[in-house]
Amino acid sequence: VEYHVEAKWAAFSGARVKACILAMKQSCNAVEEYLLSDTYVKDWLVRMVAARALGVLHSRESVERLRELVREETPDRIMNPRYEAKYRVKEMVVWSLGEIGDSACLPELMGCLVAEDFYGVRRLAVQALGRLGDELALPLLDEWSQDSDIETKCAAANAAAKIRARAQALTRSR
């Protein structure tokens, strides 16, 4: 499996995407360095699938790079008509950060909760914040639980409830 995956990384974008997908399906952690390098390539589809694969693999090694990607994928960049990826890369990166569950990404995830950002990004960010479970996110989650987008509103309310329930359980166990 490793040789097959490594061979694909030397190829064109389509083969690189397939290699990323294969790495996810095989839980092949030996290819983390290739996946990380693919988050730097120009082809947005390769970047997106590599970010997803890193999340599936729960790659702690990728957290800093994924945090960088969230900061790079600004609302202005996403709204640029010449930027083909639109919100897709940012959604996958936010999802992956939530899967990895490293509290270091709290500022980036909270930074996704702005009106200018795409609603799908906001929804995934509130879900990721719920997984992280940090009470610092509660005021922002409470604010977004009043959003006009019903999916974002529900996701924010659920994330806040999850964090409060976890905090309450910890308090009771002491």
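Our subject is the structure listed above.
What this report covers is the structure whose coordinates are included nearby. Being a predicted model, the structure only gives us computed values, none of them experimental. (Residues numbered from 1 in each chain as written. Predicted model: local features only at pLDDT ≥ 70, side-chain atom pairs only at ≥ 80, totals over all residues. Heavy atoms only, no water.)

**A closer look at the packing of aromatic side chains**
Definition in use: A pair of Phe, Tyr and Trp rings is counted when the ring centres sit within 6.5 Å of each other, with Trp represented by its six-membered ring. The angle between the planes then sorts it: under 30 degrees is stacked, over 60 is edge-to-face, the rest tilted. Strands here mean DSSP runs of E at least two residues long; helices mean DSSP runs of H or I at least four residues long; both are numbered from the N terminus. Working definition: with a 1.4 Å probe on protein chains only, accessible area under 20% of the residue-type maximum means buried, over 50% means exposed, and in between means partly exposed.
Enumeration according to the criterion identifies two aromatic pairs in this entry. With a centroid separation of 3.8 Å and 5° between ring planes, the pair formed by Tyr87 and Phe118 is classed as stacked. Pair noted here: Tyr87 is in the loop between helix H6 (75-79) and helix H7 (88-100) and Phe118 is in the loop between helix H8 (106-111) and helix H9 (119-132), with a separation of 31 residues, a long-range link. Ring centres 4.5 Å apart and planes at 35° place the aromatic pair Phe118 and Tyr119 in the tilted group. The class of Phe118 is partly exposed, set by a relative accessible area of 24%.

**Observations concerning the nonpolar core**
Filter applied, for reference: Side-chain atoms within 4.5 Å link the members of a nonpolar core, which is a set of buried Ala, Val, Leu, Ile, Met, Phe, Trp, Tyr and Cys residues. Two residues qualify as a contact provided that any one of their heavy atoms is within 4.5 Å of a heavy atom in the partner residue.
Grouped together as the largest cluster of nonpolar side chains are 51 residues, with contacts concentrated most on Leu35, Leu66, Val93, Val94, Leu97, Leu109 and Leu141. For Val94, the contacting residues outside a window of four places in its chain are Val70, Leu109, Cys112, Val121, Leu124, Ala125 and Ala128.

**A word on the pattern of salt bridges**
The condition that has to hold: Only one rule defines a salt bridge in this text: a Lys or Arg side-chain nitrogen within 4 Å of an Asp or Glu carboxyl oxygen.
One pass over the full model with this rule turns up eleven salt bridges. Residues Arg77 and Glu73 are paired through a salt bridge, measuring 3.2 Å at the closest nitrogen-oxygen approach. Judged by its relative accessible area of 32%, Arg77 falls in the partly exposed class. Overall, the relative accessible area of 0% leaves Glu73 in the buried class.

**Describing helix H4 (residues 44-56)**
Threshold: A helix is expected to span 1.5 Å for every residue after the first. Here a polar contact is recorded for every N or O atom pair within 3.5 Å, except that within protein the pair must consist of a potential hydrogen donor and a potential acceptor, and residues adjacent in sequence are included only if both atoms are side-chain atoms.
Compared with the 18 Å implied by 1.5 Å per residue over 13 residues, the 18 Å span of H4 between its first and last C-alpha is a close match. Residues Val46, Arg47, Met48, Val49, Ala50, Ala51, Ala53, Leu54 and Gly55 constitute the buried set of H4. A distance of 2.8 Å separates the backbone nitrogen of Leu45 from a side-chain oxygen at the start of H4, and that oxygen is part of Asp43. His58 sits one or two residues past H4 and shows a positive phi near 50°.

**Points about the packing of H9 against helix H11 (residues 150-173)**
Inclusion rule: To obtain an axis, a line is fitted to C-alpha atoms, over the contacting stretch when the element is a helix, and the angle between two such axes runs from 0 to 180 degrees between their N-to-C directions. For this classification, under 35 degrees means roughly parallel, over 145 means roughly antiparallel, 65 to 115 means roughly perpendicular, and everything else is oblique. Classification used: nonpolar for Ala, Val, Leu, Ile, Met, Phe, Trp, Tyr, Cys and Pro, charged for Asp, Glu, Lys and Arg, polar for all others including Gly.
Where H9 contacts H11, the two axes come as close as 8 Å, and the packing angle between them is 10°. Here H9 is positioned roughly parallel relative to H11, judged by the angle of their axes. Counting all contacts with H9, which are made through Tyr119, Arg122, Arg123, Val126, Gln127, Leu129, Gly130, Arg131 and Leu132, the residues of H11 involved are Glu151, Thr152, Ala155, Ala156, Ala159, Lys162, Ile163 and Arg166. Looking at side-chain class alone, the contact of H9 with H11 contains eight nonpolar, three polar and six charged residues.

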